[in-house]
Amino acid sequence: MTLSLCLGLFASNSWAFSLDDVAAKAEKLAAEGYAAPQSNLPPVFRNMAFADYQQLRFRGDKALWHDEPTPFEVQFYHQGMHFNVPVRINEITANGVEKVRYNPDMFEFGKVEIDPAALENLGFAGFKVLYPLNKADKADELMTLLGASYFRVIGKDQVYGLSARGLAIDTALPTGEEFPRFREFWIERPEADRRNLVIYALLDSPRATGAYRMVVTPGKDSTVDVKARVYLREPVEKLGIGALTSMYLFGANQPSELLNYRPQLHDSEGLAIHTGADEWIWRPLNNPKRLAISSYAVENPRGFGLLQRTRDFSRYEDLDDRYELRPSGWVEPKGDWGKGRVELIEIPTPDETNDNIVAFWVPEKRPEPGEPLDFEYRLHFTMDEPALHDPKLAWVSQTRLSAGDVKQSNLIRQPDGSTALIVDFVGQNLAEMPADAPVSTRVSIGENAELVENNLRHNPVTDGWRLTLRLKVRDPKRPVELRAALVEGEKTLSETWSYQIPISE
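How each quantity is defined
Along each chain, numbering runs from 1 in the same order as the chain's sequence is written. This being a predicted model, a pLDDT of at least 70 is required before a residue's local features are given, and a value of 80 or more before pairs of side-chain atoms are given or counted; all residues contribute to the totals for chains, interfaces and linings. Remark: hydrogens and water are excluded; side-chain values derive from all non-hydrogen atoms of the structure. Elements are defined by DSSP. Helices are runs of H or I of four residues or more, strands are runs of E of two residues or more, and each kind is numbered from the N terminus. Values of the radius of gyration come from C-alpha atoms, whereas the globule rule sets the reference at 2.2 Å times the count of residues to the power 0.38. Each residue gets one of three labels from its accessible area relative to the maximum for its type: buried under 20%, exposed over 50%, partly exposed in between, using a 1.4 Å probe on protein chains only. We call two residues in contact whenever any of their non-hydrogen atoms come within 4.5 Å of each other. Under the counting rule used here, the positive set is Lys and Arg, the negative set is Asp and Glu, and His together with the chain ends is not counted. Charge coordinates come from a single atom per side chain, which is NZ of Lys, CZ of Arg, CG of Asp or CD of Glu. Definition used for salt bridges: Asp or Glu carboxyl oxygen within 4 Å of a side-chain nitrogen of Lys or Arg. Stacked, tilted and edge-to-face are the three classes applied to pairs of Phe, Tyr and Trp rings, where Trp contributes its six-membered ring and a pair requires centres within 6.5 Å; stacked means planes under 30 degrees apart, edge-to-face means over 60, and tilted covers the rest. Take the buried Ala, Val, Leu, Ile, Met, Phe, Trp, Tyr and Cys residues and link them wherever side-chain atoms come within 4.5 Å; each set so joined is a nonpolar core. Any two strands with at least two DSSP-identified bridges between them are counted as paired. Space inside and on the surface of the protein is sampled on a 1 Å grid over the protein atoms alone, with a cavity defined as a set of points where a 1.4 Å probe fits but cannot get out and a pocket as an open set with protein on both sides within 12 Å along at least 5 of 7 lines; lining residues have an atom within 4 Å of a point. Grid points are joined across faces, edges and corners, and a volume is the space filled by probe spheres set on the points. Side-chain classes are defined by residue name, with Ala, Val, Leu, Ile, Met, Phe, Trp, Tyr, Cys and Pro counting as nonpolar, Asp, Glu, Lys and Arg as charged, and the others, Gly among them, as polar. What pLDDT conveys is the predictor's confidence in a given residue, as a value from 0 to 100.

### Some thoughts on the overall build of the protein chain
A count of helical and extended segments in the protein chain gives 5 helices and 33 strands. The globule rule puts the C-alpha radius of gyration for 505 residues at 23 Å, and the 25 Å found for the protein chain is close to it. Once the C-alpha set of the protein chain is aligned to its principal axes, its extents read approximately 90 × 60 × 50 Å. For the protein chain, the residues scored as buried account for 51% of the 505 residues in total. For the protein chain, the proportion of contacts with a sequence separation of at least 24, taken over those separated by at least 6, is 67%. Placing the 58 positive and 74 negative side-chain charges of the protein chain at their respective mean positions leaves the two points 1 Å apart.

See below:
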């Protein structure tokens, strides 16, 4: 080997950046007292209305790697409104790390009048990643990171819906939730032939710090491979890993109380869980009158997520927001996560502007302050929900809520004060069965209701089976828990439908 070749190899491998570099910063931060970030925004930005903030547009020709031989570009968000604390953003190259510096010339301010002095010493609120998802000659938004530890990702032909979060702390507890924030990012410049993007992030909050490595791979179903190491400054009561945040206003199982031309309005319609024991669970979402928390004890989960199963435009009828194109979010753990629970939190909301649904994994054993907690998972953003599931099992295609009634001798249906739930199961295994197959149900119901009808019939329209459960609620001020699955003898044919009839007031 020649001397020049040796020197070339040494130079190309003499520098590297890894999760350990960020973890060292996180561990050091955890050993120090928390310093709350201070806003540097002048009033013109701090008091800005949302419509004005939307006018602060990044100039496309100023994007990071705009003229580089890579399909990825990075654009930045200006500070404004409640995005009042700058985040540090760095670029990783073969030669080292360099801070991406804010320059007002990167932005157009529209009709908003800004004193040049107000632009001094500002920074970025976050950033977004562009990639030609749908057409080879057009860069589309692939990922956006703005606010706390939130980020959103889409695949081909999708529109933004639910969000992922780096970490959730004490969500829905009386003591109040803590929102960790990504305070610094490192973005690795990709080679020309590379089809994924590596992003590192440093998380900080009053009681936790963390180091994250996210590998974003665009495609029909975009994915994010997350590897993280978290340190606690102080004990926390509830640590939420693989957190997803979404919106559910109304749908087939909870129709709108107000007349609305849209039959359904939600970013996600249910929580799905694949347990370590190979059970599949489906829990339709609610917009409750009061805060509701549902918990599923699961050891070594194989996956969980908030899914948007309904894909027919006619079920939404919204030309502006296109809810049928919003992706499902699926968390696929890597390795054994041990004992814990998947928790679902449903928060009352009067409109679609509030994300009122949260789901995450809570480990049974929480780390002690200063002790590292390592975890890995892959996030899928998909519109192909059947591909997530075991093809040998049927799944729930819809849950519909109705007033219960009884057909009279004159064929008129008379309401009898009961509540009816109609659950449609579909799947290849059901489609291959004859209509007179000996399919039955396994149903359990909480003590707050009396089951008055359990009716299962073949559905020739879907080649599946329709379950009708009619029950009488004993105390409407208490929730009702139900579970149901299709069986043939001792063989389970479907996922487990799990539902909570929310409190009525």
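### Quick notes on the pattern of salt bridges
Evaluation of the coordinates by the stated rule reveals 34 salt bridges. The partner of arginine 413 in a salt bridge is aspartate 405, with the nearest N and O atoms 3.3 Å apart. Arginine 470 is the partner of glutamate 453 in a salt bridge, and the nearest nitrogen-oxygen pair spans 2.8 Å. Of this pair, glutamate 453 sits in strand E29 (residues 449–459) while arginine 470 sits in strand E30 (residues 464–473), and the two are 17 residues apart along the sequence. Overall, glutamate 453 belongs to the partly exposed group, its relative accessible area being 25%. A cluster of three or more residues bridged by salt bridges with shared partners is formed by Asp20, Arg229 and Asp374.

### Structural notes on the packing of aromatic side chains
With the rule as written, the count across this model stands at 20 aromatic pairs. Of the aromatic side chains, those joined through ring pairs into one cluster are Phe127, Phe182, Phe185, Tyr212, Trp337, Trp361, Phe375 and Tyr377.

### A short note on the nonpolar core
Core analysis: the biggest nonpolar cluster contains 85 residues, and Phe45, Phe76, Phe127, Met143, Ile199, Tyr212 and Leu379 have the highest contact counts within it. If you look at the next biggest cluster of nonpolar residues, it comprises 29 residues, including Ala272, Ala394, Met433 and Tyr499.

### As for the pairing of strand E24 (residues 357–363)
Within E24, 7 of the 7 residues are buried, which leaves the element mostly enclosed by the surrounding structure. Note: strand E15 (residues 239–246) against E24, 4 bridges, orientation antiparallel. By the bridge assignment, isoleucine 241 is partnered in E24 with tryptophan 361. Direction of pairing for strand E23 (residues 339–346) relative to E24: antiparallel, over a ladder of 7 bridges. Bridge pairing in E24 links valine 342 to tryptophan 361.

### Brief notes about empty space enclosed by the protein
Taken as a whole, this structure holds 1 cavity of 30 Å³ or more when the rule is applied. Empty space within the largest cavity amounts to approximately 110 Å³. Every residue lining the largest cavity is counted, 15 residues in all, and those nearest its centre are Ala252, Asn253, Glu269, Gln398 and Thr399. Of all elements in the fold, only strand E19 (280–284) and strand E26 (395–407) reach the threshold of two or more residues within the lining of the largest cavity. Considering every element that reaches the lining of the largest cavity, the biggest residue donor is E26, with 4 residues.

### So, the layout of surface pockets
In this model, the largest pocket occupies a volume close to 1800 Å³. Around the largest pocket sit 47 residues that line it, and Phe50, Tyr77, Phe83, Leu146 and Arg152 are the ones nearest its centre. Elements with a contribution of two residues or more to the lining of the largest pocket: helix H4 (50–53), strand E1 (57–58), strand E2 (73–78), strand E6 (124–135), strand E7 (138–146), strand E8 (150–153) and strand E11 (181–188). Among the elements that line the lining of the largest pocket, the one with the most residues is E7, at 5 residues. When grouped by side-chain class, the residues that make up the lining of the largest pocket number 23 nonpolar, 13 polar and 11 charged. Considering only enclosed or pocket space, the second largest pocket measures out at about 710 Å³ in volume. What lines the second largest pocket is a set of 32 residues, among which Gln254, Pro255, Glu257, Asn287 and Lys289 lie closest to the centre.

### Examining the pairing of strand E14 (residues 222–232)
Residues in a regular strand project their side chains so that they alternate between the two faces of the sheet. With 9 of its 11 residues buried, E14 lies for the most part within the structure. Pairing of strand E13 (residues 208–217) with E14, which is carried by 10 bridges, proceeds in the antiparallel orientation. Each residue of the ladder has a partner; that of alanine 211, found in E14, is arginine 229. Here E13 hands over to E14 after 4 residues, the two strands then running antiparallel side by side.

### Brief notes about unusual backbone geometry
Although it is not a glycine, aspartate 170 adopts a positive phi angle of roughly 55°. Turning to its location among the elements, aspartate 170 is positioned in the loop between strand E10 (168–169) and E11. Not every positive phi belongs to a glycine, and aspartate 278 is a case in point at roughly 70°. Counting through the fold element by element, aspartate 278 comes out in the loop between strand E18 (270–274) and E19.

### Quick look at the confidence of the model for the protein chain
Predicted confidence across the protein chain gives a mean pLDDT of 94, with 97% of residues reaching 70 or more. For the stretch residues 1–14, pLDDT sits under 50, and the model shows 2 contacts to residues farther than four places along the chain or on other chains.

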